[in-house]
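# Understanding the architecture of this molecule
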Amino acid sequence: MYLFFGIFFCICIVFFIVNYRRKKCIIRKICGMELCEKVYLLDDLLRPFGFSYCQGQDIITSTTDAWQREFGYCRFFDKSAAYFNMVFDCEPIYFDYQGQTWMIELWKGQYGINTGGEIGIYHADCILSPEQYDRALFHSVSDRQMMNLSMELFFKGKSMFCIRRTHWWLTGFCVGHFCEPGDLTMKVSITFPNSCMLQKFVESLVHAGYADCAVFLCGLTVSFTFAVPCTRQCRPWLRCRLAQCSNRFFCRLYQYITKPFHCTLDRLLFLYFFLPFTFRRILRFRKCRKHNCHKRKRRRNP
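Residues numbered from 1 in each chain as written. Predicted model: local features only at pLDDT ≥ 70, side-chain atom pairs only at ≥ 80, totals over all residues. Heavy atoms only, no water.

### Digging into the overall build of the protein
The test is simple: Every helix listed is a DSSP run of H or I at least four residues long, and every strand listed is a run of E at least two residues long, numbered separately from the N terminus. Categorising residues by exposure relies on relative accessible area from a 1.4 Å probe, with only protein chains included: less than 20% of the type maximum marks a residue as buried, more than 50% marks it as exposed, and the intermediate range marks it as partly exposed. Any two residues whose heavy atoms approach within 4.5 Å at even a single point are treated as in contact. Method for areas: the Shrake-Rupley scheme with a 1.4 Å probe, in which residue coverage is limited to the protein chains shown.
Within the protein, the regular secondary structure consists of 8 helices and 12 strands. Residues counted as buried form 49% of the 302 residues belonging to the protein. Residue pairs in contact within the protein that sit at least 24 positions apart in sequence constitute 66% of those at least 6 positions apart. Carbon and sulfur atoms make up 60% of the accessible area of the protein, which amounts to about 15600 Å² in all.

### Details of the packing of aromatic side chains
Put simply, the rule is: Centres within 6.5 Å make a pair out of two Phe, Tyr or Trp rings, where for Trp the six-membered ring is used; the pair is then stacked when the planes are under 30 degrees apart, edge-to-face when over 60, and tilted otherwise. In this scheme, Lys NZ or Arg CZ marks a charge over a ring once it lies within 6 Å of the ring centre and within 35 degrees of the ring normal.
Summed over all chains, the structure comprises 24 aromatic pairs. Here Tyr73 and Tyr122 contribute two aromatic rings whose centre-to-centre distance is 5.7 Å and whose plane-to-plane angle is 35 degrees, an arrangement assigned as tilted. Of this pair, Tyr73 sits in the loop between β2 (59-62) and α3 (76-80) while Tyr122 sits in strand β5 (residues 114-123); the two residues are 49 residues apart in sequence, bridging distant segments of the chain. The ring of Phe226 has Lys108 lying over it, and the distance from NZ or CZ to the ring centre is 5.1 Å.

### Examining the packing of helix α2 (residues 35-46) against helix α6 (residues 264-274)
For the record, the criterion: Axis lines are fitted through C-alpha atoms, for helices just across the contact stretch, and the angle between N-to-C directions can take any value from 0 to 180 degrees. The scheme is simple: roughly parallel for angles under 35 degrees, roughly antiparallel for over 145, roughly perpendicular for 65 to 115, oblique for anything else. Throughout, a crossing is termed right-handed when the near helix is turned clockwise from the far one, and left-handed when it is turned anticlockwise from it by less than a right angle.
For the pair α2 and α6, interaxial distance at closest approach is 10 Å and the crossing angle is 60 degrees. When the axis of α2 is compared with that of α6, the two are oblique. The two elements α2 and α6 cross, and the hand of that crossing is left-handed. Contacts from Leu35, Lys38, Val39, Leu41, Leu42 and Leu45 of α2 reach α6 at Leu265, Asp266, Leu268, Leu269, Tyr272 and Phe273.

### Notes on the pattern of salt bridges
Filter applied, for reference: Think of a salt bridge as a Lys or Arg side-chain nitrogen and an Asp or Glu carboxyl oxygen that are within 4 Å of each other.
Tallied over the full model, the rule gives 8 salt bridges. Between Asp44 and Arg47 there is a salt bridge, with the nearest N and O atoms lying 3.0 Å from each other. Assessed through its relative accessible area of 38%, Asp44 is described here as partly exposed. Among the salt bridges present, the one from Lys108 reaches Asp89, with a minimum N-O distance of 2.8 Å.

### Things to note about a nonpolar patch on the surface
To be explicit about the condition: By definition, no residue in a patch forms a salt bridge, and every one has over 30% relative accessible area; like charges are joined within 9 Å, nonpolar side chains (Val, Leu, Ile, Met, Phe, Trp, Tyr) within 5 Å.
On the surface, Phe249, Phe250, Leu253 and Tyr256 cluster together into a nonpolar patch covering about 430 Å² of accessible area. Counting through the fold element by element, Tyr256 comes out in helix α5 (residues 237-257). Taking the relative accessible area as the measure of exposure, Tyr256 reaches 54% and is therefore exposed.

### Overview of the confidence of the model for the protein
Which entries qualify depends on this criterion: As a per-residue quantity, pLDDT reports the predictor's confidence and falls between 0 and 100.
On average, residues of the protein score 88 in pLDDT, and 87% of them are at 70 or above. Taken together, the stretch residues 1-16 has pLDDT below 50 and engages in 0 contacts with residues farther than four places along the chain or on a different chain. Scored below 50 in pLDDT, residues 287-302 shows 25 contacts in the model against residues more than four places distant or in partner chains.

### With respect to the side chain of Arg267
Formally: Charge convention: Lys and Arg are scored as positive, Asp and Glu as negative, and His as well as the terminal groups of each chain are ignored. Under this definition, polar contacts are N or O atom pairs within 3.5 Å; protein pairs additionally need one hydrogen-donor-capable and one acceptor-capable atom, and for neighbouring residues in sequence, both atoms have to be side-chain atoms.
Relative to the elements of secondary structure, Arg267 occurs in helix α6. Of the side chains with opposite charge, Asp58 lies nearest to the buried Arg267, which makes no salt bridge, at 7.3 Å. Polar contacts involving the side chain of Arg267 include one to the side chain of Thr258, which spans 2.5 Å. Setting aside residues up to four positions removed in sequence, Arg267 forms contacts with Tyr254, Gln255, Thr258, Lys259, Phe261 and His262.

### Focus: the sheet that holds strand β8 (residues 158-167)
Selection criterion: Strands qualify as paired when DSSP identifies two bridges or more between them.
Strand order across the open sheet formed by 5 strands is β8-β7-β10-β12-β11, with antiparallel pairing between neighbours. Looking at which strands have only one partner, the edges of the open sheet turn out to be β8 and β11 (216-218). Taking each pair of neighbouring strands and ignoring which way they run, the sheet shows an average axis angle of 15 degrees. Relative to β8, strand β7 (residues 147-155) is paired through 9 bridges, and the arrangement is antiparallel. The residue bridging Leu149 from the neighbouring strand is Arg165, located in β8. Together, β7, β10 (184-191), β11 and β12 (221-226) form the strand contacts of helix α4 (residues 195-208), whose direction differs from that of β12 by roughly 20 degrees.

The following block contains the structure:
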């Protein structure tokens with residue numbers, strides 16, 4: 001028995017020494033890399049997941065050619081999110097335009113160990129009734145239908161990032177930051193291709209519960225603040241609490257493991273070299289949600 005514990009103790013010491021030396025080597029390697037080299041490497045690692053690194057804001061954001069585009073959107077994504085440790089406020093705005101029902105949805109909250117927000121633009125194949133919204137599959141818009149989107153995310157009144165791009169799914173994620181969705185506020189601006197589409201969206205926005213005085217128009221651009229969602233949320237309370245406890249723990253663990261560094265660029269590269277499986281797991285949160293929904297729909301429609 002004593003021999004067994006002695007061997008186990010020796011193995012633990014060897015394991016600690018090896019990992020300590022390995023960690024030091026990785027730190028030296030990252031510190032010795034040029035900034036452009038690190039950005040290029042991280043972008044190359046993020047591209048298969050549909051994301052890229054935004055150096056100016058130190059955040060992760062989605063690319064216009066992200067593979068998630070082919071899955072579109074259905075309400076099941078939001079309803080099942082808490083089971084994949086995603087706890088967020090969502091605000092879908094539906095409106096009819098040119099023979100199709102369009103949906104522009106906003107999200108803000110906690111995505112695993114990532115705090116962030118999203119703006120997505122989708123449309124159905126035809127005009128839908130409100131009773132069909134929860135069951136319908138919405139398609140991601142084409143390149144020519146993309147719009148100029150802008151969002152600035154605030155945590156308890158303090159700006160976290162501001163990003164503006166022509167996109168179909170604009171996102172921004174701060175890795176390793178924890179929040180409750182209610183602590184976040186998102187300032188949103190959307191530029192529409194024409195005044196007719198703009199007016200349809202504004203009417204639906206006001207109908208959803210936004211006050212006229214809180215919606216600002218400038219040309220073809222509408223701006224408003226997404227704070228407390230006006231639409232009914234579909235989050236299971238207990239599951240969300242369990243998910244947030246887990247998210248808080250893993251945020252702290254991420255910060256502890258990567259504490260030799262401070263910016264997201266260095267932290268993620270360190271995690272990739274030191275714990276590659278964990279690096280991949282951080283970036284799969286959107287894949288799980290959409291892939292499972294896709295499989296579920298195929299089972300229903302053989």
